[in-house]
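# Commentary on secondary and tertiary structure
Spelled out, the chains give:
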Amino acid sequence: MNTSTTLPDPADADAPAPARAPSPSPARVLVVDDDPLSRSFQTHLLSLLGYDAQAEGDPERALAQAGSGAFDVLLLDLGMPGLDGFEVLRRLREQEAQARRRPLAVVAVTGYASEADRLRCLMAGFNDHLAKPIQAAGLSATLQHVLGEAAAREAAAEASDVARLRATVKRLNEARPGDRSFAPTVTESFALRSAQLLETLRRCVQQRDAAPLPRAAQALKASAEFLGALRLAGMCGELETLAGQCDWRGADTVLTLMNNEHQVVLTLLFESARR
């Protein structure tokens, strides 16, 4: 931990204000630092910049929260005792790979500000590097940078899923050239079965019952992968992981995302099948 956090210089009061986060849905930022003063200062500064900020001082708990899908960016102190920032990032990336979840944007926060330190962080897998003492302008610029990259990756992933779903329907139609009802029949079958599985998952999460959840999650994941809905498939794996850890708050969040993604998938499938 580096404790060189300082308050902004009053002499900067006349400087142009850093850009605020876009409204009405501010990005969600999790601050991870074992120093209470540093956590308080960072969350206060983030709130002033218009972000939805929360803080965590325990690296293990922070790792669970970071994997819940509830945050857009992680500000991660490198010098924490026990699990340092590099180890937290390594475990997070490992969890994301296992769950086929898109990587969370993670910013390394450290008192080491040389170019070599920045490159070391980028090579380790961090999205950016922020040196202490933290200033509002630097924090704002860093967050805009990583959020912009994340938005671009999200758009690319969505476009890929759309293309895969449409290609699946095309292959279904080509499988039976004279039967234009085949693709709609498969789509309707998926709609019915997936709705049943989602209801099973909803009951499991609502009742905090992890035992029957893996079977339903794996069945929905398999169907989604067959159709090319990899975003939905990844969420199934993530839900199974969270339920196995009894992280029901995270499971609630992921289930909501799954329901929304399920509707997107059904809309694309039915639209493509009618063409």
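See the structure printed just above.
Computed from a prediction, not measured in an experiment: that's the story for all the values here.

It is worth spelling out helix 8 (residues 230-244) at this point. Since there are 3.6 residues in each turn of an α-helix, residues three or four apart along the chain are aligned in direction. With 15 residues, helix 8 extends 21 Å from end C-alpha to end C-alpha; this agrees with the ideal 21 Å at 1.5 Å per step. Where burial is concerned, most of helix 8 is hidden: 11 out of the 15 residues are buried. Among the residues of helix 8, those classed as buried are Arg231, Leu232, Ala233, Gly234, Met235, Cys236, Gly237, Glu238, Leu239, Leu242 and Ala243.

Read from one edge of the open sheet, five strands run 2-1-3-4-5, paired in parallel fashion. Edge positions in the sheet fall to strand 2 (52-56) and strand 5 (128-131), since each of these pairs with one other strand and no more. Across the sheet, the axes of successive neighbouring strands diverge by a mean angle of 25 degrees, strand direction being ignored. By the bridge criterion, four bridges tie strand 4 (residues 105-110) to strand 5 in an arrangement that is parallel. Each bridged residue has a counterpart across the sheet, and for Val107 the counterpart in strand 5 is Asp128. Most of the contacts of helix 2 (residues 59-66) go to strand 1 (residues 28-32), to which it runs at about 165 degrees, and overall it touches strand 1, strand 2 and strand 3 (73-77).

On to the environment of Arg93, then. Of note, Arg93 is situated in helix 3 (residues 85-98). Those residues in contact with Arg93 that sit more than four places away from it in its chain are Pro103, Leu104, Val106, Gly125 and Asn127. In terms of polar contacts, Arg93 uses its side chain to reach the backbone carbonyl oxygen of Leu104, at 2.9 Å. Polar side-chain contacts of Arg93 include one of 3.4 Å to the backbone oxygen of Gly125.

What counts and how
Residues numbered from 1 in each chain as written. Predicted model: local features only at pLDDT ≥ 70, side-chain atom pairs only at ≥ 80, totals over all residues. Heavy atoms only, no water. Helix = DSSP H or I, 4+ residues; strand = E, 2+ residues; numbered from the N terminus. Expected span 1.5 Å × (residues − 1). Buried < 20%, exposed > 50% of the residue type's maximum accessible area, 1.4 Å probe, protein only. Pairing = 2+ DSSP bridges. Axes fitted to C-alpha atoms, helices over the stretch in contact; angles between N-to-C directions. Contact = heavy atoms within 4.5 Å. Polar contact = N/O pair within 3.5 Å; in protein donor to acceptor, adjacent residues only side chain to side chain.

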